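This is what each chain is made of:
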Amino acid sequence: MKRIVIFASGSGTNAENLIKFFQDRDDASVIQVLTNNPHAKVLDRAKKLDVSALSFNKIAFSKSDDVLNILKASRPDLIVLAGFLWKIPEGLLKAFPNKIINIHPALLPQYGGKGMYGMHVHKAVVSNQETETGITIHYVNENYDEGAIIFQAACKVESTDSAEDVAAKIHELEMEHFPKVVQQILNE
């Protein structure tokens, strides 16, 4: 049984989708959700779905080995960032090489980097009058959104689309593709 740990910072719709996708399976399951936001809705979602969920602060994450020790005890086969906004510390990257992936709401390398997340990305896509955007699932390295690309899916951006319209299209792509790509990585 492959073990998945999810890091999230917000509402947790991608985390919930992944938990439900792997629920009642015998090949993999989400065993834990970790968040840097003690008020994140992802904590409630995980609790409702009977998945262990913990929040941590900046010191536990990047100034001590607390989060690293939690992960070592959990023995994840894959760590999935699903709307997690903090940069992964070098210690975690070294402890879990090529075992940390992220989903980004744009077609990287466009609209990536520090500060480019969620509605910030969608507003930039609309203001630059892009005709296409999408999602990128990639390995995590020491730089924001620069790890090797695993998968991309695109959608059209109409001239009449608002940032909220783009967000809805991206959300659909995430819901459809993210669990399947996670499963594919675990099967490799």
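Residues numbered from 1 in each chain as written. Predicted model: local features only at pLDDT ≥ 70, side-chain atom pairs only at ≥ 80, totals over all residues. Heavy atoms only, no water.

Draft legend 1. Here's a closer look at unusual backbone geometry. Looking along the chain, the bond that leaves Leu 108 and enters Pro 109 is cis, with omega of 10 degrees. For Pro 109, the position within the fold is in the loop between β5 (100-104) and α6 (118-127). Despite not being glycine, Asp 145 has its phi angle at roughly 60 degrees, a positive value. On the secondary structure map, Asp 145 appears in the loop between β6 (132-139) and β7 (149-156). (Helix = DSSP H or I, 4+ residues; strand = E, 2+ residues; numbered from the N terminus.)

Draft legend 2. Structural view of helix α1 (residues 13-22). In terms of burial, α1 is largely enclosed, as seven of its ten residues are buried. Within α1 the residues assigned to the buried category are Asn 14, Ala 15, Glu 16, Asn 17, Leu 18, Ile 19 and Phe 22. Along its buried surface, α1 packs onto β1 (2-8), β2 (28-35), α2 (41-48), β4 (78-81), β5 and α7 (163-187). Backbone geometry just downstream of α1 places Asp 24 in the positive-phi region, at approximately 60 degrees. (Buried < 20%, exposed > 50% of the residue type's maximum accessible area, 1.4 Å probe, protein only. Contact = heavy atoms within 4.5 Å.)

Draft legend 3. Quick peek at the pattern of salt bridges. Applying the stated rule across the entire model yields five salt bridges. Note that Asp 27 is salt-bridged to Arg 25, the shortest N-O span being 3.0 Å. Note on Asp 27: relative accessible area 26%, which makes it partly exposed. Residue Arg 25 is classed as partly exposed on the basis of its relative accessible area, which comes to 25%. Taken together, the salt bridges that share partners define one network made up of Glu 16, Lys 20 and Arg 45. (Salt bridge = Lys/Arg side-chain N within 4 Å of Asp/Glu carboxyl O.)

Draft legend 4. Fine view of the packing of α6 against α7. Viewed as axis vectors pointing N to C, α6 and α7 meet at an angle of 120 degrees, and their least axial separation amounts to 8 Å. Note on packing geometry: the crossing formed by α6 with α7 is right-handed. The segment α6 lies against α7, with Met 119, His 122, Lys 123 and Val 126 engaging Ala 163, Glu 164, Val 166, Ala 167 and Ile 170. Split into classes, the residues belonging to the contact of α6 with α7 amount to six nonpolar, one polar and two charged. (Axes fitted to C-alpha atoms, helices over the stretch in contact; angles between N-to-C directions. Left-handed = near helix turned anticlockwise from the far one by under 90°. Nonpolar A, V, L, I, M, F, W, Y, C, P; charged D, E, K, R; others polar.)

Draft legend 5. Focus on the packing of aromatic side chains. Summed over the entire model, instances satisfying the criterion amount to ten aromatic pairs. For the pair Phe 56 and Phe 84, a centre-to-centre distance of 6.2 Å together with 50 degrees between the ring planes defines the contact as tilted. With a gap of 28 residues between them, Phe 56 in the loop between β3 (52-55) and α3 (58-63) and Phe 84 in the loop between β4 and α5 (90-95) connect regions that are remote in the sequence. For Phe 56, a relative accessible area of 10% gives the class buried. Classification of Phe 84 by relative accessible area gives buried; the value is 7%. Ring geometry for Phe 84 against Trp 86: centres 6.3 Å apart, planes inclined by 65 degrees, an arrangement best described as edge-to-face. Here a set of aromatic residues connected by ring pairs shows up, and it is made of Phe 7, Phe 56, Phe 61, Phe 84 and Trp 86. A cation sits over an aromatic face here: Lys 58 above Trp 86, 4.3 Å from the ring centre. (Phe/Tyr/Trp six-rings, centres within 6.5 Å; stacked < 30°, edge-to-face > 60°. Lys NZ or Arg CZ within 6 Å of the ring centre and 35° of its normal.)

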